[in-house]
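Fold and geometry: a report
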Amino acid sequence: MRLALYTGLILAGGYTCLTPALAADPTGDWRVADGVANIRVAQCNGSMWGAVSWEKQPGGRDENNPDASKKTRPTLGMATLIDMKKKPGVDQWEGQVYNAKDGQLYSATITPSGADQLEIKGCVMGFLCGGETWTRVGPPIPLSTANAMAKGAPKSTGAAPKAQGTMGATAAPAPAAGAPKSATAPTKPGQKGAADPVGDICLLPEIAGFAH
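Residues numbered from 1 in each chain as written. Predicted model: local features only at pLDDT ≥ 70, side-chain atom pairs only at ≥ 80, totals over all residues. Heavy atoms only, no water.

1. Brief notes about the overall build of the protein
- When you go through the protein residue by residue, the secondary structure sums to two helices and eight strands.
- Reading the protein from its N terminus to its C terminus gives the helix and strand order β-β-β-β-β-β-β-β-α-α.
- Buried positions account for 45% of the 212 residues belonging to the protein.
- A separation threshold of at least 6 residues defines the contact pool for the protein, and within that pool the share at least 24 residues apart is 57%.
- About 10,400 Å² of surface is accessible on the protein, with carbon and sulfur atoms providing 58% of the total. (Helix = DSSP H or I, 4+ residues; strand = E, 2+ residues; numbered from the N terminus. Buried < 20%, exposed > 50% of the residue type's maximum accessible area, 1.4 Å probe, protein only. Contact = heavy atoms within 4.5 Å. Areas by Shrake-Rupley, 256 points an atom, 1.4 Å probe, with all protein chains shown as cover.)

2. Re the state of the cysteines
- Enumeration according to the criterion identifies two disulfides in this entry.
- Residue Cys 44 pairs covalently with Cys 202 via a disulfide, S to S 1.9 Å. Since a negative S-S torsion denotes a left-handed disulfide, the Cys 44-Cys 202 link at about -80° is left-handed. One end of the pair, Cys 44, is in strand β2 (residues 37-44); the other, Cys 202, is in the loop between α1 (145-148) and α2 (205-208), and 158 residues separate them in sequence.
- Residue Cys 123 pairs covalently with Cys 129 via a disulfide, S to S 1.9 Å. Note on the Cys 123 and Cys 129 pair: the S-S dihedral is about 115°, so by sign convention the disulfide is right-handed.
- Given a relative accessible area of 19%, Cys 129 falls into the buried group.
- Along the protein, the cysteines engaged in disulfide bonds are linked according to the scheme 1-4, 2-3 when indexed in sequence order. (Disulfide = S-S within 2.5 Å.)

3. Some remarks on the confidence of the model for the protein
- Overall, the prediction assigns the protein a mean pLDDT of 74, with 64% of residues at 70 or greater.
- Averaged pLDDT values over the elements of the protein bottom out at 58 in α1 and peak at 97 in strand β1 (residues 28-31).
- Long-range and interchain partners of residues 1-22, a stretch whose pLDDT sits below 50, account for 71 contacts in this model, where long-range means more than four residues apart.
- The model gives residues 149-193 a pLDDT under 50, and that stretch makes 66 contacts with residues more than four places away or in other chains. (pLDDT = per-residue confidence, 0-100.)

4. Examining the nonpolar core
- Among the nonpolar cores identified, the biggest contains 18 residues, and Ile 39, Val 41, Met 48, Leu 81, Met 84, Ile 110 and Trp 134 are the most heavily contacted of them.
- For this core, the elements supplying multiple residues, two or more each, are β2, β3 (47-55), β4 (79-86), β5 (93-99), β6 (104-112) and β7 (117-124).
- For Met 84, the residues in contact, after removing those within four places along its chain, are Ser 47, Met 48, Trp 93, Glu 94, Gly 95, Gln 96, Ala 108, Thr 109 and Ile 110. (Core = buried A, V, L, I, M, F, W, Y, C linked by side-chain atoms within 4.5 Å.)

5. What about the pairing of β1?
- As defined by bridge partners, β1 adjoins β2 across four bridges and the pair is classed as antiparallel. The residue bridging Arg 31 from the neighbouring strand is Asn 38, located in β2.
- The turn joining β1 and β2, which pair antiparallel and follow one another in sequence, is formed by five residues; a positive phi near 75° is taken by Gly 35. (Pairing = 2+ DSSP bridges.)

6. Some details on the sheet that holds β6
- The antiparallel closed barrel is built from eight strands, whose spatial order is β1-β2-β3-β4-β5-β6-β7-β8. The sheet shows a mean angle of 30° between the axes of neighbouring strands, taken without regard to direction.
- Alignment of β5 against β6, held across seven bridges, turns out to be antiparallel. Residue pairing in the sheet places Glu 94 in a bridge with Thr 109 of β6. (Axes fitted to C-alpha atoms, helices over the stretch in contact; angles between N-to-C directions.)

Structural data, given as structure tokens:
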């Protein structure tokens, strides 16, 4: 049996949890273990959320979603870490993870390990847990007014929102060692180059419209 995020989370016995770093920050862009995607993590409405911010193979669709109306939605900008709440006394967040390989939601935790690694662990029915380590490719994302107010933001008509000004924009992630140049995030608004297709994930309709 295999539990895999869009990013390739593998079920394995004997998963070892690492001690979380003190005052660690899980926000920013992270390269998944198999290198096929970056996940942008940000605090939205008091919870941590993650969405696909880059794909090695562009044009992915959520074709395994059991909801027929979502089978053609792009995987770029799709939420993968959902409404993750901080656990008291530890630098760990727990919530749900969406697995685009089977269209299902699973319970999951994220735990920063130092400044540049993020441990993610997912479980099926409370057991059969497995995990992987993501590598930081973008700096932490400051909490912005746009993030804090994302729940009340107007819903998008379908186009990916643009990054907000200096407070709401996410900084361009640095390239991971050995990563192809195309894997790095685009330039900031106002600079020459391609615009960030995802921007502030708190303004994505799926996240901004989430009912707590």
